[in-house]
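These are the residues of each chain, in order.
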Amino acid sequence: MSQVEKQKIRLGPKEVEVLRFLEAEGGQAWKEQIMGKFSWASKYQGVLARRLYRLQEKGLIKIGVEINPDTGRMKKKVYLVK
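All figures in this text were calculated on a predicted structure; none of them were measured in a lab.

Trainee: Hey, could you go over the side chain of Asn68 for me, with residue numbers and the actual values?
Mentor: As for its placement among the helices and strands, Asn68 is situated in the loop between β2 (61–67) and β3 (74–80). According to the relative accessible area criterion, Asn68 is buried, its value standing at 8%. Contact partners of Asn68, with chain neighbours within four places excluded, come to Trp30, Arg73 and Lys75.

Shown next as structure tokens:
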């Protein structure tokens with residue numbers, strides 16, 4: 001059993017919403033999509049970025065860099081860890 005499985009993970013309501021959104025998207029989404037869905041003002045993007053970082057620290061999501069096939073640019077993609 002890993003360290004994450006041994007301890008009970010506490011999640012806030014917004015963190016649960018982000019995880020449900022990722023489940024609905026098939027377990028992966030561009031970070032840009034998540035920012036657009038959950039951030040209603042530019043000053044709130046820092047809060048959401050910190051929330052994603054905490055979810056990554058808890059071992060629930062993984063953030064990786066990929067090339068977007070539509071634009072050819074490197075962008076961050078968020079994956080749900082099962």
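Picking up where we left off.
Trainee: Describe a nonpolar patch on the surface, with residues and values.
Mentor: A contiguous nonpolar surface patch, about 330 Å² in accessible area, is contributed by Val65, Ile67 and Met74. Mapped onto the secondary structure, Val65 falls in strand β2.

Trainee: I'd like a description of the sheet that holds strand β1 (residues 28–30), backed by residues and values.
Mentor: Pairing is antiparallel in the open sheet, where three strands are placed in the order β1-β3-β2. Of all strands in the sheet, those bounded by a partner on one side alone are β1 and β2. This sheet shows a mean twist of 30° between the axes of neighbouring strands, independent of strand direction. Of the strand pairs in this sheet, β1 and β3 are connected by three bridges, and their pairing is antiparallel. Residue pairing for β3: Trp30 is matched across the bridge by Lys77. Against the sheet, helix α2 (residues 13–24) contacts β1, β2 and β3, and its axis sits at roughly 100° relative to β3.

What counts and what doesn't
Each chain carries its own residue numbering, running from 1 in the written order of its sequence. Thresholds applied to this predicted model are a pLDDT of at least 70 for local features of residues and 80 or more for the giving and counting of side-chain atom pairs; totals over whole chains, interfaces and linings are not thresholded and use all residues. Based on all heavy atoms of the structure, the side-chain values leave hydrogens and waters out of the count. The way it works is that DSSP assigns letters per residue, a run of H or I at least four long becomes a helix, a run of E at least two long becomes a strand, and they are numbered from the N terminus. For every residue, the accessible area (1.4 Å probe, protein chains only) is compared with the maximum for its type, and the residue is labelled buried under 20%, exposed over 50%, or partly exposed between those bounds. Note on contacts: a residue pair is in contact if any heavy atoms of the two residues lie within 4.5 Å. Within this analysis, patches are made of residues with over 30% relative accessible area and no salt bridge. Like charges are joined at 9 Å or less; nonpolar side chains (Val, Leu, Ile, Met, Phe, Trp, Tyr) at 5 Å or less. The method behind every accessible area is Shrake-Rupley, applied with a 1.4 Å probe, and residues are considered shielded solely by the protein chains displayed. The salt bridge criterion pairs a side-chain nitrogen of Lys or Arg with a carboxyl oxygen of Asp or Glu, the two atoms within 4 Å. Here a strand pair is declared whenever DSSP counts at least two bridges between the two strands. Only the stretch in contact is used when a helix axis is fitted, and all axes are lines through C-alpha atoms; the angle between N-to-C directions ranges over 0 to 180 degrees.

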